[in-house]
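Residue-level listing of the chains:
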Number of protein chains: 2
Amino acid sequence: MTAETPPTDFDLDHFLPYRLDRLADRVSEALAHLYEAHYDLNVAQWRVLAWLHHRHELTAKQICASTRMDKARVSRAVQVLEGRDLIVRRPSPRDQRLHELRLTEAGQALMVELVPQVRAWEAELVAPLTTDEYRRLLDMMGRLERRLQEGE
Amino acid sequence: MTAETPPTDFDLDHFLPYRLDRLADRVSEALAHLYEAHYDLNVAQWRVLAWLHHRHELTAKQICASTRMDKARVSRAVQVLEGRDLIVRRPSPRDQRLHELRLTEAGQALMVELVPQVRAWEAELVAPLTTDEYRRLLDMMGRLERRLQEGE
DNA sequence: CCTGTATGGTTTCATGTGCAACTATTCAGC
DNA sequence: GCTGAATAGTTGCACATGAAACCATACAGG
């Protein structure tokens with residue numbers, strides 16, 4: 001497993017955390033152009049919208065779990081999105097502590113417009129990979145994530 | 001290439017940027033425990049040390065390029081590390097604008113202690129992957145990065 | 001019921017970061 | 001050799017973020 005990295009030196013180009021961070025950063029930055037420039041959304045806001053688009057109705061807590069964002073960060077993103085009438089937030093009738101979030105018509109419309117662009121962009125990004133490679137990539141990433149979860 | 005994601009819904013678990021970000025975040029967080037708790041280094045400081053350990057002598061500019069960090073961020077990390085006598089910073093005799101950075105004895109000693117722990121931790125992380133898979137993973141990531149570079 | 005505890009979410013505060021303005025040094029063109 | 005543009009690095013400022021304190025609601029045990 002260490003065949004790639006000589007034992008004496010510390011070659012960062014073969015160090016997974018570094019490579020992962022660099023790639024994630026570049027991907028994130030490039031993707032952000034899609035929703036920042038045209039829709040004035042920051043990363044947190046985009047993620048909230050994406051999850052609401054995906055799951056239809058969620059509470060802030062659930063979004064925290066899905067996105068690994070701090071609850072304060074989610075709270076603030078929700079406030080902005082609500083102020084822009086892209087989502088609605090109403091206390092659950094069952095439990096007044098939690099608030100059900102969902103897209104408004106406007107929010108839905110925005111996502112219907114934005115999501116295809118995002119998907120097209122991703123397709124462009126992963127074009128150099130074969131379908132099989134892409135599948136393997138996600139699979140390996142999944143195994144690494146699971147390993148981190150069990151450790152913590 | 002889109003066989004995995006149904007065309008109507010937007011499944012974030014098969015969306016590479018999201019998966020990449022989540023994994024990088026988890027890896028980064030776990031790794032940070034190694035150098036934060038015991039050595040009181042933040043991410044920026046760790047990266048500067050790692051690159052100086054790797055390359056022996058660099059300028060702030062070169063570290064910016066390697067790490068994709070803002071020059072202000074590098075500058076501040078350097079100030080802290082210099083204050084802790086982990087690195088030295090001297091103006092290049094050739095060009096007084098740029099400052100050559102290198103590890104001090106203490107910095108070297110710290111890295112000699114820390115790097116093996118970091119490598120062991122990474123080895124543990126990627127243990128579920130075969131050598132070949134690991135190689136392919138880095139290769140795929142490299143291709144994705146190159147794709148982003150040519151686009152920008 | 002009433003009291004104490006747990007939970008969802010908000011707000012406050014300290015900190016880290018990026019951008020832009022700035023300083024110091026170099027270098028090209030005249 | 002000056003002058004003006006370019007470059008390495010620093011600093012000021014505004015903003016986003018995370019941790020912790022906080023508020024409101026729910027719920028369990030007496």
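Shown above is the structure to which this text applies.
About the cut-offs
- Residues numbered from 1 in each chain as written.
- Chains lettered and ligands numbered in written order.
- Predicted model: local features only at pLDDT ≥ 70, side-chain atom pairs only at ≥ 80, totals over all residues.
- Heavy atoms only, no water.
- Core = buried A, V, L, I, M, F, W, Y, C linked by side-chain atoms within 4.5 Å.
- Buried < 20%, exposed > 50% of the residue type's maximum accessible area, 1.4 Å probe, protein only.
- Contact = heavy atoms within 4.5 Å.
- Helix = DSSP H or I, 4+ residues; strand = E, 2+ residues; numbered from the N terminus.
- Phe/Tyr/Trp six-rings, centres within 6.5 Å; stacked < 30°, edge-to-face > 60°.
- Pairing = 2+ DSSP bridges.
- Axes fitted to C-alpha atoms, helices over the stretch in contact; angles between N-to-C directions.
- Least-squares fit on C-alpha atoms with pLDDT ≥ 70 in both.
- Buried area = accessible area lost by both parts, 1.4 Å probe.
- Salt bridge = Lys/Arg side-chain N within 4 Å of Asp/Glu carboxyl O.
- Parallel < 35°, antiparallel > 145°, perpendicular 65-115°, else oblique.
- 1 Å grid on protein atoms, 1.4 Å probe; cavity = no way out; pocket = protein on both sides within 12 Å on 5 of 7 lines; lining within 4 Å.
- Points joined across faces, edges and corners; volume = space filled by probe spheres on them.
- Nonpolar A, V, L, I, M, F, W, Y, C, P; charged D, E, K, R; others polar.

Enquirer: Before we go on, may I ask you to explain the nonpolar core in this structure?
Expert: Nonpolar side chains tend to gather and get buried jointly when the protein is soluble and globular. Grouped together as the largest cluster of nonpolar side chains are 100 residues, with contacts concentrated most on L16 and W46 of chain A together with L16 and W46 of chain B. Filtering out sequence-adjacent residues up to four positions away, L16 of chain B remains in contact with E122, L125, V126, Y134, L137, L138 and M141 of chain A together with L144 of chain B.

Enquirer: Explain the side chain of R19 of chain A to me, please; I cannot follow it from the model alone.
Expert: Relative to the helices and strands, R19 of chain A resides in helix 1 (residues 16–39). Apart from the residues within four sequence positions on either side, R19 of chain A is in contact with L12 and D13 of chain A together with L138, M141, G142 and E145 of chain B.

Enquirer: Before we go on, may I ask you to explain the packing of aromatic side chains in this structure?
Expert: Aromatic rings considered in pairs are described by the distance between their centres and by the relative angle of their planes. Under the defined criterion, the tally for this structure stands at six aromatic pairs over all chains. For the ring pair Y35 of chain A and W46 of chain A, a centre distance of 5.1 Å and an interplane angle of 10° mean the geometry is stacked. Highlighted residues: Y35 of chain A in helix 1 and W46 of chain A in helix 2 (residues 43–55), separated in sequence by eleven residues. Overall, Y35 of chain A belongs to the buried group, its relative accessible area being 1%. Linked through ring pairs, Y35 and W46 of chain A together with F10 and F15 of chain B together constitute an aromatic cluster.

Enquirer: In this structure, what is going on with the sheet that holds strand 3 (residues 99–103) of chain A? I would like to understand it.
Expert: The strands that make up a sheet pair up through hydrogen bonds in the backbone, lying either parallel or antiparallel. Residue and element names in this part refer to chain A. As summarised here, the arrangement of the three strands in space is 1-3-2, forming an open sheet in which the pairing is antiparallel. The sheet terminates laterally at strand 1 (58–59) and strand 2 (87–91), the two strands that pair on one side only. Across five bridges, the pairing between strand 2 and strand 3 is antiparallel. Residue pairing in the sheet places R89 in a bridge with L101 of strand 3. Here helix 4 (residues 71–83) sits on the sheet and contacts strand 2 and strand 3; the angle it forms with strand 2, its principal contact strand, is near 115°.

Enquirer: Explain the relation of the copies chain B and chain A here, please?
Expert: The operation linking the two copies of the chain is a rotation about an axis combined with a translation along the axis. Mapping chain B onto chain A leaves a residual RMSD of 0.0 Å; the transformation is a rotation of 180° accompanied by 0.0 Å of translation along its axis. Both chain copies can therefore be described as sitting about a two-fold axis. A share of 98% of the interface residues of chain B reappears at the interface of chain A, consistent with the copies meeting face to face through the same patch.

Enquirer: How do you make sense of the interface of chain B and chain A when you look at a structure like this?
Expert: Often the size quoted for an interface is simply the accessible area lost on bringing the parts together. Contacts between the two partners involve 64 residues from chain B and, on the opposite side, 63 residues from chain A. Overall, the association of chain B and chain A removes approximately 7000 Å² of surface from exposure, summing both partners, and the carbon and sulfur fraction of that is 65%. Linking chain B with chain A are 16 salt bridges. Taking the shortest distance from any N to any O, the salt bridge between E145 of chain A and R26 of chain B comes out at 2.4 Å.

Enquirer: Is there a simple way to think about the packing of helix 2 (residues 43–55) of chain B against helix 4 (residues 71–83) of chain B in this case?
Expert: The axes of two packed helices give the description: the angle between them and the distance between them. Residues and elements named next belong to chain B. Where helix 2 contacts helix 4, the axes come no closer than 9 Å and their chain directions differ by 80°. Compared by their axis directions, helix 2 and helix 4 come out roughly perpendicular. Contacts from V43, A44, Q45, R47, V48 and L49 in helix 2 reach R73, A77, V78, V80 and L81 in helix 4.

Enquirer: Any chance you could explain empty space enclosed by the protein here in plain terms?
Expert: Summary: where empty space remains is shown by rolling a probe the size of a single water molecule over the atoms. Counted according to the given criterion, the structure contains one cavity of 30 Å³ or more. Taken together, 13 residues form the lining of the largest cavity, with L31, W46 and R47 of chain A together with P17 and Y18 of chain B sitting closest to its centre. Secondary structure elements with two or more residues in the lining of the largest cavity: helix 1 and helix 2 of chain A together with helix 1 (16–39) of chain B. Its residues placed into classes, the lining of the largest cavity shows ten nonpolar, one polar and two charged.

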